[in-house]
Amino acid sequence: MFKILGVDHIGIAVEDLKEVGSFYTEALGLPNNGEETVAEQKVTTTFHPTPNGSEIELLIGTAPDSPITKYIEKNGEGIQHVALRVDNIENAIADLMAKGVRMIDEKPRIGAGGAKIAFLHPKATKGVLLEICEHEDR
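All values derive from a computational prediction rather than experimental measurement.

**Q** Help me understand the overall build of the protein chain, please; the structure alone is not making it clear to me.
**A** Counting its secondary structure elements, the protein chain contains three helices and eight strands. Of the regular secondary structure in the protein chain, the N- to C-terminal order runs β-α-β-β-β-α-β-α-β-β-β. Expected size for 138 residues packed as a compact globule is a radius of gyration near 14 Å; at 15 Å, the protein chain falls within 12% of this value. Summarising its shape, the C-alpha atoms of the protein chain cover approximately 45 × 35 × 25 Å along the three principal directions. Counting all 138 residues of the protein chain, 43% fall into the buried class. Surface summary for the protein chain: the accessible area is close to 7,700 Å², and the carbon and sulfur share equals 54%. Averaging the positions of the 14 positive and the 22 negative side-chain charges in the protein chain gives two centres separated by 9 Å.

**Q** Where do I start with the side chain of glutamine 80 in this structure?
**A** Within the secondary structure, glutamine 80 is located in strand S5 (residues 78-86). Within the structure, the side chain of glutamine 80 is placed 2.6 Å from the side chain of histidine 81, a separation counted as a polar contact.

**Q** I'm lost on the pattern of salt bridges in this one. Help?
**A** Should the charged atoms of two oppositely charged side chains come close, the side chains can pair. Per the counting criterion, the structure on display carries seven salt bridges. Here lysine 116 makes a salt bridge to glutamate 90, at a shortest N to O gap of 3.2 Å. Here lysine 116 is found in strand S7 (residues 116-120), whereas its partner glutamate 90 is found in helix H3 (residues 89-98), with 26 residues between them in sequence. Judged by its relative accessible area of 23%, lysine 116 is partly exposed.

**Q** Looking at this structure, how should I read unusual backbone geometry?
**A** Backbone geometry follows two general trends: most residues other than glycine have a negative phi, and most peptide bonds adopt the trans configuration. Even without glycine at this site, lysine 42 takes up a positive phi of about 55°. Turning to its location among the elements, lysine 42 is positioned in the loop between strand S2 (35-38) and strand S3 (43-49). Residue lysine 42 is classed as partly exposed on the basis of its relative accessible area of 29%. With a phi angle near 60°, lysine 126 is a residue other than glycine that sits in the positive phi range. Inspection of the secondary structure puts lysine 126 in the loop between S7 and strand S8 (130-134).

**Q** Quick question: what am I supposed to make of the sheet that holds S5 here?
**A** The pairing of strands in a sheet happens through backbone hydrogen bonds and is either parallel or antiparallel. Taken together, eight strands build an open sheet; the order of strands is S2-S3-S4-S1-S5-S8-S7-S6 and the sheet is mixed. Each edge of the sheet is formed by a strand with only one pairing partner; in this case those strands are S2 and strand S6 (109-110). Set on the sheet, H3 makes contact with S5, S7 and S8; between it and S8 the angle comes to about 145°.

Cut-offs and rules
- Residues numbered from 1 in each chain as written.
- Predicted model: local features only at pLDDT ≥ 70, side-chain atom pairs only at ≥ 80, totals over all residues.
- Heavy atoms only, no water.
- Helix = DSSP H or I, 4+ residues; strand = E, 2+ residues; numbered from the N terminus.
- Rg over C-alpha atoms; globule rule 2.2 N^0.38 Å.
- Buried < 20%, exposed > 50% of the residue type's maximum accessible area, 1.4 Å probe, protein only.
- Areas by Shrake-Rupley, 256 points an atom, 1.4 Å probe, with all protein chains shown as cover.
- Lys, Arg positive; Asp, Glu negative; His and termini not counted.
- Charge placed at Lys NZ, Arg CZ, Asp CG, Glu CD.
- Polar contact = N/O pair within 3.5 Å; in protein donor to acceptor, adjacent residues only side chain to side chain.
- Salt bridge = Lys/Arg side-chain N within 4 Å of Asp/Glu carboxyl O.
- Pairing = 2+ DSSP bridges.
- Contact = heavy atoms within 4.5 Å.
- Axes fitted to C-alpha atoms, helices over the stretch in contact; angles between N-to-C directions.

The analysis is restricted to geometry; functional conclusions fall outside its scope.
This is the structure:
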């Protein structure tokens, strides 16, 4: 068994981190927790925390074959995924798979900020790319 602890973040695919990031910092007043490149996923991200603890994650692809680059080519900029924070990602994956939920990741991998992450297949969620994540420090 596992518990959903809340919405961790909403991932938004963008073509220009600085331009879009300035909207979140200047127009909305959300801080920017800095830029991070996750080479394994071919992405650079920035996180903009909200007062309730959830965040807006801006993502830009770092290579032509990056999932974010491909997403933007197909769909344009916009919401790419929703991430739910869980109390135990290994239990969550096992429980979801036992319930027949199709997973992209059958084992956790490391994402931005060192979080353990796994994605559910959009065909299992009616077209929504859902990420589950666990943070060691939260």
